Amino acid sequence: MEHMGRILLIVAAVVIGFLLLGSVLGFLFTLLKWALIIGLVGVVVMFVSRLFRSSNARY
């Protein structure tokens, strides 16, 4: 009977570990998604500002 309690404890720890891992991975992928979006917006703004700066220098 002692082994059954230990096995259930190990199974519970594994399940909790997977739940925490899922939450942490979801949070990290959310951070990565927002970092990519902010980086893309920054690149577009930089490209547009260079485009306007070069077009203003011609005239």
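The name recorded for the protein chain in an unreviewed UniProt entry is DUF2207 domain-containing protein, from Streptosporangium oxazolinicum.

Caption draft 1: Examining the UniProt feature "transmembrane region" (unreviewed entry) in the protein chain more closely. Per the UniProt record, "transmembrane region" (unreviewed entry) is found at residues 7–28 and 34–52. From the first C-alpha to the last, residues 34–52 spans 27 Å; its make-up is 100% helix and 0% strand.

Caption draft 2: Quick peek at a nonpolar patch on the surface. Residues Ile10, Val14, Phe18, Leu21, Val24, Leu25, Phe27, Leu28, Phe29, Leu31, Leu32 and Leu36 make up a contiguous nonpolar surface patch of about 1,200 Å² in total accessible area. Summarising the element assignment, Leu28 is placed in helix α1 (residues 2–58). Using a relative accessible area of 47% as the deciding quantity, one classes Leu28 as partly exposed.

Caption draft 3: Local environment of the environment of Ala12. In this fold, Ala12 is placed in helix α1. Residue classification places Ala12 among the partly exposed residues on the basis of a relative accessible area of 34%. C-alpha separation for the pair Ala12 and Phe27, spaced 15 residues apart in sequence, amounts to 23 Å.

Caption draft 4: Quick look at the environment of Phe18. The residue Phe18 is located in helix α1 in this model. For Phe18, a relative accessible area of 57% corresponds to the exposed category. When the C-alpha positions of Phe18 and Ile38 are compared, they lie 30 Å apart, and in sequence the two are 20 residues distant.

Cut-off values and rules
What you see as residue numbers is a count from 1 along each chain, following the sequence as written. A pLDDT threshold of at least 70 governs which residues receive local features in this predicted model, and a stricter bar of 80 or more applies before side-chain atom pairs are shown or counted, although totals over entire chains, interfaces and linings include all residues. By convention in this description, side-chain values take in all heavy atoms of the structure and omit both hydrogens and water. UniProt positions are given in the numbering used here, feature names are shortened, and annotations may be inferred rather than shown by experiment. Here a strand is any run of E in DSSP of at least two residues, a helix any run of H or I of at least four, and the numbering for each starts at the N terminus. In this scheme, patches are assembled from residues that exceed 30% relative accessible area and form no salt bridge. Like charges are connected within 9 Å, while nonpolar side chains (Val, Leu, Ile, Met, Phe, Trp, Tyr) are connected within 5 Å. The Shrake-Rupley method, run with a 1.4 Å probe, gives the accessible areas here. Residue values count only the displayed protein chains as cover. Salt bridges are counted wherever a side-chain nitrogen of Lys or Arg sits within 4 Å of a carboxyl oxygen of Asp or Glu. Using a 1.4 Å probe on the protein chains alone, a residue whose accessible area is under 20% of its type maximum counts as buried, one over 50% counts as exposed, and one in between counts as partly exposed.

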